[in-house]
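Residue strings, one per chain:
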Amino acid sequence: MNDPLVARMRAFGTTIFAEMSALALRTGSINLGQGFPDTDGPPAMLERAIEAVRGGANQYPPGPGVPELRQAVSEHRKEHYGLAYDPDGEVLVTVGATEAIAASVLALCEPGDEVIAFEPYYDSYAASVALAGAVLRPVTLRPDGGRFTFDPAELRAAVTSRTRAILVNSPHNPTGTVFTRAELEEIADVCTGHDLTAITDEVYEHLAFDGVEHIPPATLPGMRERTVMISSAGKTFSVTGWKTGWICAPAPLVRAVQTVKQFLTFTSSAPWQLAVAYGLRHELGWVSTLRAELEAKRDRLMSGLAAAGFDVYRPAGTYFVQTDIRPLGFTDGLALTRELPVLAGVVAIPTQVFYAHPERGRHFVRFAFCKRDEVIDEAVARLARLGEGTGRTG
């Protein structure tokens, strides 16, 4: 039988996250690959979810999301960023940020349209663009001064008459970069100059370190009216399994995205929505503590990776440390990460899979630090073996 999968999706097999997590389970390795914490979110917020289940909130909630969460999101945007969004028309609850990204691209892009994204990028970006029949135009982030950034000239050159949107992820997965105001102003100038929609993935908005400021692109002049701002409870509150996200945007953009979203999942779990509404209103102090703890975990993992022989880039946000494997004698991150459970009993993610041009990221490997300290310590102790004559050149 011929491959039944539609041609535009044949380049997308099992996600690298599923592959590497399965490899960790199969080999009993420490999983520093997929970005999920190994501790739970704020206890009071978890209790609100239990109370909601026991209280009967177990049927379909409204398609746009429960009013309590939409109101809490609106309050949060105003308090933290000075952005006013009407909870009845400018806020839409989604099944995590991944659905929000997919529904936005499907709603706003026709077949043949072009979408700019910064590579390396979260793998769902390319898949969502392909599902829409659109074309992804990558702009590469490269190391410069210890962090990853882009060349403004390359960004401008990526725009054509077919460009409709730009995907912006900051804090950025997988590089850990938090775009500066100057970088965001370059992006905003391109968007306003070419009448582009910005789809902004800001799931790590509360997880920026070292006093670095997360600046939502929608706060820049001319950007609120053209930005679909995407957030999620998963990373903010360490409840990645709840898959509760939302978009904030002008009403016409929300209507467009909801038109698609209603035929994908219609709505999402009411108990989680009610609990997240509580979290946004009462648990941001807990999130501040989490951010400090993650900053310390980042430093702990970075020190261990450097001691093991990796070149290490200091992330300003997210859950992840980006490394260069070449000092250890390796040149192919995909080959290394498939061998790593045998070589060191650790699983990581090869960054090259997040590039339209994999050769540009072939020597990078991503490690997650959203784990307990003892797990990080054991992982770096195992990774030290790589510096003891086990290097390959593949």
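Rules of the game
Residues numbered from 1 in each chain as written. Predicted model: local features only at pLDDT ≥ 70, side-chain atom pairs only at ≥ 80, totals over all residues. Heavy atoms only, no water. Salt bridge = Lys/Arg side-chain N within 4 Å of Asp/Glu carboxyl O. Helix = DSSP H or I, 4+ residues; strand = E, 2+ residues; numbered from the N terminus. Buried < 20%, exposed > 50% of the residue type's maximum accessible area, 1.4 Å probe, protein only. Contact = heavy atoms within 4.5 Å. Polar contact = N/O pair within 3.5 Å; in protein donor to acceptor, adjacent residues only side chain to side chain. Core = buried A, V, L, I, M, F, W, Y, C linked by side-chain atoms within 4.5 Å. Domains from an automatic or database assignment. Pairing = 2+ DSSP bridges. Axes fitted to C-alpha atoms, helices over the stretch in contact; angles between N-to-C directions.

### Regarding the pattern of salt bridges
Link 1 in the chain: Under the counting rule described, the total for this entry stands at 28 salt bridges.
Link 2 in the chain: As a salt-bridge pair, Asp210 and Arg298 come within 2.8 Å of each other at their nearest N and O atoms. One end of the pair, Asp210, is in the loop between strand E8 (197–201) and strand E9 (227–232); the other, Arg298, is in helix H11 (residues 284–308), with 88 residues separating them in the sequence.
Link 3 in the chain: In this structure Asp210 comes out as partly exposed when scored by relative accessible area, which is 39%.
Link 4 in the chain: Salt bridges here are not isolated pairs; linked through shared partners, they connect Asp210, Arg298, Asp299 and Arg314.

### Focus: helix H12 (residues 333–344)
Residues lying three or four places apart along an α-helix face the same way, a consequence of the helix completing one turn every 3.6 residues.
Link 1 in the chain: All buried positions along H12 are accounted for by Gly333, Leu336, Thr337, Leu340, Pro341, Leu343 and Ala344.
Link 2 in the chain: Looking at the buried side of H12, the elements it contacts are helix H1 (16–27), strand E13 (346–347), strand E14 (349–350), strand E15 (364–368) and helix H13 (373–383).
Link 3 in the chain: Gly345 sits one or two positions beyond H12 and adopts a positive phi of about 70 degrees.

### Description of the side chain of Thr175
Link 1 in the chain: Within the secondary structure, Thr175 is located in the loop between strand E7 (163–169) and helix H7 (181–194).
Link 2 in the chain: By relative accessible area, which is 2% here, Thr175 ends up buried.
Link 3 in the chain: In terms of polar contacts, Thr175 uses its side chain to reach the side chain of His172, at 2.8 Å.
Link 4 in the chain: A distance of 3.2 Å separates a polar side-chain atom of Thr175 from the backbone nitrogen of Thr177.

### Here we look at the nonpolar core
Side chains of nonpolar character tend, in soluble globular proteins, to be buried together.
Link 1 in the chain: If you look at the biggest cluster of nonpolar residues, it comprises 62 residues, and the most contacted ones within it are Leu301, Phe367 and Leu383.
Link 2 in the chain: Take this core: its biggest share by element is six residues, from H11.
Link 3 in the chain: Counting only domains with at least three residues in this core, you end up with domain 1 (7–41 + 284–389) and domain 2 (58–282).
Link 4 in the chain: In this structure, Tyr81, Ala218, Met229 and Leu280 belong to the second largest nonpolar core, which totals 27 residues.

### Regarding the sheet that holds E15
Link 1 in the chain: Overall, antiparallel pairing links the four strands, which are arranged E11-E12-E15-E14 in an open sheet. The open sheet has two edge strands with one neighbour each: strand E11 (311–313) and E14.
Link 2 in the chain: In the sheet, strand E12 (residues 320–324) pairs with E15 via five bridges, with the strands oriented antiparallel. Bridging across to E15, Thr323 finds its partner in Val365.
Link 3 in the chain: Lying on the sheet, H11 is in contact with E11, E12 and E15; it crosses E12 at an angle near 15 degrees.

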